[in-house]
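The residues making up each chain are set out below.
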Amino acid sequence: MGMKEHAEIMTPPKMEISLTINGTNVVLQVPPTKRLVTILREELHLTGTKISCEVGRCGACAVQMNNQLVNSCLVMAYQANDTSIVTIEGLAGEELDPIQRAFLEEGGFQCGYCTPGMVMAVNALLATNPSPSDEQIQEALSGNLCRCTGYGGIIRAVQKVITNNNQAI
Amino acid sequence: MAIQISLFNKKKKIRPDGLGKVTGALKYLTDLSFPGMLYGKILRSTEPHAEIQSISVDQAKQLPGVRAIVTYKDVPGLNGFGLIFPDQPVLCEDRVRYVGDAIAAVAADTIEIADAALQLIKVEYKKLPVIVDPEEALHPNAPRLHPDGNLLHRAYYSKGDVEEGFQSCSHIVEEIYELPRQMHAYMETEGGVIVPEVDGKLTVYVGTQHGFKDRYQLSRILNMNETDIRIVSSPMGGSFGGKDELNIQPYGALLALATNCPVKIHQTRRESVRAGLKRHPMKITMKTGVDDSGKILSHKVKILADTGAYATLGPAVLDFSVEHAPGPYVIPNIEIEGLSVFTNNGVAGEFRGFGGNQVTFALEGQIDRLAEKLKMDPLEFREKNLRQVDSPGPLGQKIAPTSGARDVLEAIKEKLHENTNNSHLSDQWKVTGTGVAISIHGGGLGVGRIDPAGGRLSFTKEGKIEAAFGFEECGQGLLAVIETLVMEEFKCKEDDIRIVVGDTDSVPISGSSTASRATSMVWNSIQRMKETFRDEILERASRVTDLPVNELTMGPNGIWLTDESLCISYVELAEKTLNKPLLKVETSFNFPVSPDAVVDGSHFLYAFSSVLARVEVDLLTGKVKVLDLEQAIAAGPVVSLLGYQGQIEGGGIMALGYSLMEEAKMENGAYVNDNFDTYLIPTIQDVPFVMNVEAIEKLQEGDIYGPRGVGEIGTIAVAPAIVKAIHDATGCWVNKLPVSREFLLEQMATRGEKRWV
């Protein structure tokens, strides 16, 4: 392969994309196929979104795009154009999100590397289904791998959020 | 149902590093970036075994954006690494021995450019015969992978006369067990940033389980003084043993020195799988005999471990397997031989359980098969042969007295009674079964090994009680352990404490964060330092406040007068004693070892576990689902409740994966499944929704060693319990992990129905 071809690979065309990230509008000049996870981590330094398998299998990079849970390693820049993205950094306001608090209290993490994606997945589940069954919890979180906890603490954390929500109603 | 604590209910404390983890604010070392940072990539061999005839980097060097390329010519010091002996080349010169062997490394302005540069590096290989089978590797005519041949290590132990023992046996079971190559599969792959400092020093922000050891190894490679290298090694997104050995550090360091720029390397999952360590595949032959009464008389074991291309901790892993081959049983005649053999497969090394997992699977398999032959209840059979409080260790050495083996067996017996008859199957093509297994697991590196421990307590200028340890936070919860122990000892608050770990420039030598030793050594260090520290801080407080020292006590936020009122805060005390020398207490000692052990690496402190597994087997698909997984652990007092529970549950599920789904297959020296789309680890769908962990906190009277670590023990006895449960459900004995659905279907089709014990 000649040098020229490589040089072309090095400088791909860029497009302007505009998207909302955690409530803030962002305009970027990026190659259209740049992955959302790379944009978040490298361009915007939002490193709460993690990177682990890069093939959409582990959920470490999970974020919400227009309220849908997506693996940000599988979303390209042009697909994220004109969307609203919420990452782990955008979840807590003044107070921690109840999901984050439950993860803390129930030991829903150890190394914590899967936690941002896992919390985003729980958030996406409970936003549409405040009282999921055990099976629904398992299905909703089956795209998020955790190697540390064996999922015990995660399950207890999710159950705690559900119980607290039901008590609040 | 949460953890059951036998003595008292400890508060579930929130981990000190928790907030950063649930908010995503915590910076892992692979999240760091520095001004002017370059990106590094490592060129690994395409051949599992070959001579390198030439390496050409000329074309790659001309690619715009490439800032440095290093090969073996650029290694200033020793071109080798390895925790025991440095037989793995940093950058290969004339030969490659596995597909993870590094040949060159590139630093460039972007990852894409670095990747493209790798494509332009030309390596000419002359292929050599590939050895993939350890038995072939031992053949006298096999090509020699290393100057001393293909046998990395032989470990041997014998007691009594096994052959004579077998003559008196009424039942003998002889089986071959095969264990797979398991991947650590930590969620964060290896990586970080290596930064050349203005004063010529080097800071290495890369996860490891023993910062000082990385510093030592890097100093040899880079030909630098150890004190000119700083290793920042925490936090990590998981390690499980896999980041104990050097991984990307030497390449990042060479590139950082060559470019005088910070260099980031973060391996992709595929790169990680290809280069990284795995659990040793082992083939274990066991012959075990009993007399009519059910006493085990003779136990003969042969272990063949595929250690891959290089040594790393392979010899120590084998020693551990040999040591744990008799398990918690008292057997008069024993012969154990272990061989760890070089092949052209991926490097096998340190992995949670450290050789105990493999040999315990085989041993407990023998026990269950013998119980069946004796028509004896498997628990009763275990009980009959179980070690007593003062029994010697597995290799006859004196160990700290412990009733752990009996305690875990009793606990699981209770659970078994509770667990029976609660299956309500609606599907006629599904069967359930229950299995139990137990284990013993040594902590620390063992006798004859350099195994230092230590720590430091100081009172800082800011009024914090600073606890510093040379350990790493891999995710296991070390910070919570330190915080809890300091708070319990000094009755202070979280805010009163500052914890320092994982930075060779500011921590004392504590040894490695491996071998279930960190919690144990933090506790022991604090015991050694607490009185001096307390006396000194109270003495200072007494002088400042003019109150009698014997009426002062340490408490929340400061020093209290006879437990009733805060008389001076820690902050005030620090302010008023600024002119005094820093209050600092240090300790250093060695991990306790057996006084009379003759076999290198054998242990003194042991933890025990018992596991109850209940499975459902689908007779149409062969799928095994674990319905229940309960563990009882005897490892001394619980320090951190959530940490303990998490280690046991998480270890249990990692072992569930080992039992039922995980195998890093290699074909002709190449990994077949190199990412999570093909290497499957348990998801939330694969685990029991509720698990139970029982902590047996009891220690023998006079035991001065405190809590034992629980990082590994939860992984040990799970596989044999699951396999016994499958047998209970189907009548099929399984000798090979992960359990093959096809094998089960075939067995069930040919063997017919379940046999009851």
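Residues numbered from 1 in each chain as written. Chains lettered and ligands numbered in written order. Predicted model: local features only at pLDDT ≥ 70, side-chain atom pairs only at ≥ 80, totals over all residues. Heavy atoms only, no water.

Q: If you had to explain the overall build of chain B to someone new, which residues and values would you point to?
A: In terms of regular secondary structure, chain B is built from 18 helices and 29 strands. Relative to the globule expectation of 27 Å for 757 residues, the C-alpha radius of gyration of chain B, 27 Å, shows essentially globular dimensions. Once the C-alpha set of chain B is aligned to its principal axes, its extents read approximately 80 × 75 × 55 Å. Out of the 757 residues in chain B, the part that is buried amounts to 66%. By sequence separation, contacts in chain B at least 24 residues apart represent 80% of the contacts at least 6 residues apart. Looking at chain B as shown, the accessible area adds up to about 27,100 Å², and 49% of this sits on carbon and sulfur atoms. If you average the places of the 78 positive and of the 100 negative side-chain charges in chain B, the two averages end up 1 Å apart. (Helix = DSSP H or I, 4+ residues; strand = E, 2+ residues; numbered from the N terminus. Rg over C-alpha atoms; globule rule 2.2 N^0.38 Å. Buried < 20%, exposed > 50% of the residue type's maximum accessible area, 1.4 Å probe, protein only. Contact = heavy atoms within 4.5 Å. Areas by Shrake-Rupley, 256 points an atom, 1.4 Å probe, with all protein chains shown as cover. Lys, Arg positive; Asp, Glu negative; His and termini not counted. Charge placed at Lys NZ, Arg CZ, Asp CG, Glu CD.)

Q: Explain the layout of surface pockets to me, and be specific about the residues and the numbers.
A: Looking at the second largest pocket, its volume works out to about 1,100 Å³. Lining the second largest pocket we find 34 residues, and of these A:K34, A:T38, B:T110, B:I111 and B:E112 sit closest to its centre. At the level of elements, α1 (3-10), β2 (24-30) and α2 (36-43) of chain A together with β2 (38-44), α3 (111-120) and β13 (263-266) of chain B are the ones that each hand at least two residues to the lining of the second largest pocket. Ranked by residue count, the leading element in the lining of the second largest pocket is α2(A), at 5 residues. Of the residues that constitute the lining of the second largest pocket, the class distribution is 11 nonpolar, 11 polar and 12 charged. (1 Å grid on protein atoms, 1.4 Å probe; cavity = no way out; pocket = protein on both sides within 12 Å on 5 of 7 lines; lining within 4 Å. Points joined across faces, edges and corners; volume = space filled by probe spheres on them. Nonpolar A, V, L, I, M, F, W, Y, C, P; charged D, E, K, R; others polar.)

Q: Go over the interface of chain A and chain B, please, and point to the residues and values.
A: Counting from both sides, the interface comprises 52 residues of chain A and, opposite them, 62 residues of chain B. Summing both sides of the interface, chain A and chain B together bury roughly 4,800 Å²; the carbon and sulfur share of this comes to 60%. At the boundary of chain A with chain B, the tally comes to 4 salt bridges. Across the salt bridge formed by B:E662 and A:R147, the nearest N and O atoms sit 2.7 Å from each other. Our count for the contact surface shared by chain A and chain B stands at 25 residue pairs in polar contact (both at pLDDT 80 or more). Only α1, α2, α4 (98-106), α5 (115-128), α6 (134-140) and α7 (152-168) of chain A provide two or more residues apiece to the side of chain A that touches chain B. Take the side of chain A that touches chain B: its biggest share by element is 6 residues, from α4(A). When its residues are assigned to classes, the side of chain A that touches chain B shows 22 nonpolar, 17 polar and 13 charged. (Buried area = accessible area lost by both parts, 1.4 Å probe. Salt bridge = Lys/Arg side-chain N within 4 Å of Asp/Glu carboxyl O. Polar contact = N/O pair within 3.5 Å; in protein donor to acceptor, adjacent residues only side chain to side chain.)

Q: An account of the domain arrangement of chain B is needed here, citing residue identities and associated values.
A: Residues and elements named next belong to chain B. Each domain of chain B was delimited in the assignment, giving domain 1 (32-128 + 187-238 + 243-275), domain 2 (282-446 + 596-751) and domain 3 (452-590). Contacts between the two partners involve 19 residues from domain 1 and, on the opposite side, 22 residues from domain 2. Between domain 1 and domain 2 the total buried area reaches about 1,700 Å² when both faces are included, carbon and sulfur atoms providing 62% of it. Three residues stand out in domain 1 for area buried against domain 2, namely I84, R270 and V273, and they jointly supply 27% of the buried area on that side. Remark: the boundary between domain 1 and domain 2 carries 1 salt bridge. Of the residues assigned to the side of domain 1 that touches domain 2, the class counts are 9 nonpolar, 2 polar and 8 charged. (Domains from an automatic or database assignment.)

Q: Describe the domain arrangement of chain A, naming the residues involved and giving the relevant values.
A: Residue and element names in this part refer to chain A. What the domain assignment reports for chain A is domain 1 (9-90) and domain 2 (98-168). The gap between the C-alpha centroids of domain 1 and domain 2 is 23 Å. Counting each side, the surface lost to burial between domain 1 and domain 2 is near 1,100 Å², with a carbon and sulfur contribution of 60%. Among the residues domain 1 hides against domain 2, the three largest losses belong to Q64, L69 and I88. Together they make up 40% of the total. At the junction of domain 1 and domain 2, the tally comes to 0 salt bridges. For the side of domain 1 that touches domain 2, a count of residues per class yields 7 nonpolar, 5 polar and 2 charged.

Q: Describe the packing of α4(A) against α7(A), naming the residues involved and giving the relevant values.
A: Packed helix pairs are specified by the crossing angle of their axes together with the interaxial distance, meaning the distance between the axes. Residues and elements named next belong to chain A. For the pair α4 and α7, the least separation of the axes is 8 Å and the interaxial angle reads 135°. Comparing the axis directions of α4 and α7 gives the class oblique. For the pair α4 and α7, the crossing hand works out as right-handed. Across the interface between the two elements, P98, I99, A102, F103, E105 and E106 from α4 touch G153, I154, R156, A157, K160 and V161 from α7. Here the residues of the contact of α4 with α7 are counted per class, giving 7 nonpolar, 1 polar and 4 charged. (Axes fitted to C-alpha atoms, helices over the stretch in contact; angles between N-to-C directions. Parallel < 35°, antiparallel > 145°, perpendicular 65-115°, else oblique. Left-handed = near helix turned anticlockwise from the far one by under 90°.)

Q: Residues and numbers for the sheet that holds strand β4 (residues 66-70) of chain B, please.
A: All names here are of chain B. Pairing in this open sheet of 7 strands is mixed, and the strands run β4-β6-β2-β13-β10-β11-β12 from one edge to the other. At either margin of the open sheet sits one strand with a lone partner, and together these are β4 and β12 (229-232). Between one strand axis and the next, the sheet turns by 20° as a mean value, whatever way the strands run. Each of β11 (202-206) and β12 touches helix α6 (residues 211-222); the most contacted strand, β12, lies at about 140° to it. (Pairing = 2+ DSSP bridges.)

Q: A description of the pattern of salt bridges should follow, citing residues and the corresponding values.
A: The full count for this structure, using the stated rule, is 45 salt bridges over all chains. Between A:K160 and A:E105 there is a salt bridge whose closest N-O contact spans 2.9 Å. Residue A:K160 is located in helix α7, and its partner A:E105 is located in helix α4; the two are separated by 55 residues in the primary sequence. Given the relative accessible area of 23%, A:K160 is considered partly exposed. The exposure class assigned to A:E105 is partly exposed, which follows from its relative accessible area of 24%. Close ionic contact of B:D368 with B:R382 constitutes a salt bridge, the shortest N to O distance being 3.1 Å.

Q: I'd like to hear about empty space enclosed by the protein, residue by residue, with values.
A: Per the counting criterion, the structure on display carries 13 cavities of 30 Å³ or more. Approximately 160 Å³ is the volume attributed to the largest cavity. Residue composition of the lining of the largest cavity, grouped by class: 7 nonpolar, 6 polar and 3 charged.

Q: How would you sum up the pairing of strand β10 (residues 191-196) of chain B? Please name residues and give values.
A: In regular strands, side chains alternate between the two faces of the sheet. Residues and elements named next belong to chain B. Within β10, 6 of the 6 residues are buried, which leaves it mostly tucked inside the rest of the structure. On β10, burial covers both faces: G191, V193 and V195 on one face and G192, I194 and P196 on the other are all buried. Across 4 bridges, the pairing between β10 and β13 is antiparallel. Within β13, the residue paired with G192 across the bridge is I265. Bridge analysis of β10 against β11 gives 5 bridges, and the strand direction is antiparallel. When the bridges of β11 are listed, G192 appears paired with V206. Between β10 and β11, which pair antiparallel in sequence order, lie 5 residues; one of them, G200, sits at a positive phi of approximately 90°.

Q: Describe the sheet that holds strand β14 (residues 282-290) of chain B, naming the residues involved and giving the relevant values.
A: All names here are of chain B. In space, the 5 strands of this open sheet follow the order β8-β16-β15-β14-β9, with mixed pairing throughout. Strand pairing shows two members of the sheet lacking a second neighbour, β8 (151-159) and β9 (171-179), which therefore form its edges. Sheet twist, expressed as the average angle between the axes of neighbouring strands with direction ignored, equals 5°. Relative to strand β16 (residues 333-342), strand β15 (residues 296-308) runs parallel, the two sharing 10 bridges.

Q: Explain the side chain of B:S610 residue by residue, including any values.
A: All names here are of chain B. Assignment of secondary structure puts S610 in strand β25 (residues 606-618). With a relative accessible area of 0%, S610 lands in the buried category. A distance of 2.8 Å separates the side chain of S610 from the backbone oxygen of V408, its partner in a polar contact. For S610, the residues in contact, after removing those within four places along its chain, are V408, I412, A437, I438, E630, Q631 and A632.

Q: Report on the nonpolar core, specifying residues and quantitative values.
A: Formed by 183 residues in total, the largest nonpolar core has its most connected members in A:F103, B:I284, B:F533, B:I537 and B:I559. Examining the composition of this core, we find that 9 residues originate from one element, helix α14 (residues 518-545) of chain B, more than from any other. Every residue in contact with B:I559, bar those within four places of it in the chain, is listed here: B:I537, B:L538, B:A541, B:L552, B:T553, B:M554, B:S565, B:L566, B:C567, B:I568, B:Y570 and B:L573. (Core = buried A, V, L, I, M, F, W, Y, C linked by side-chain atoms within 4.5 Å.)

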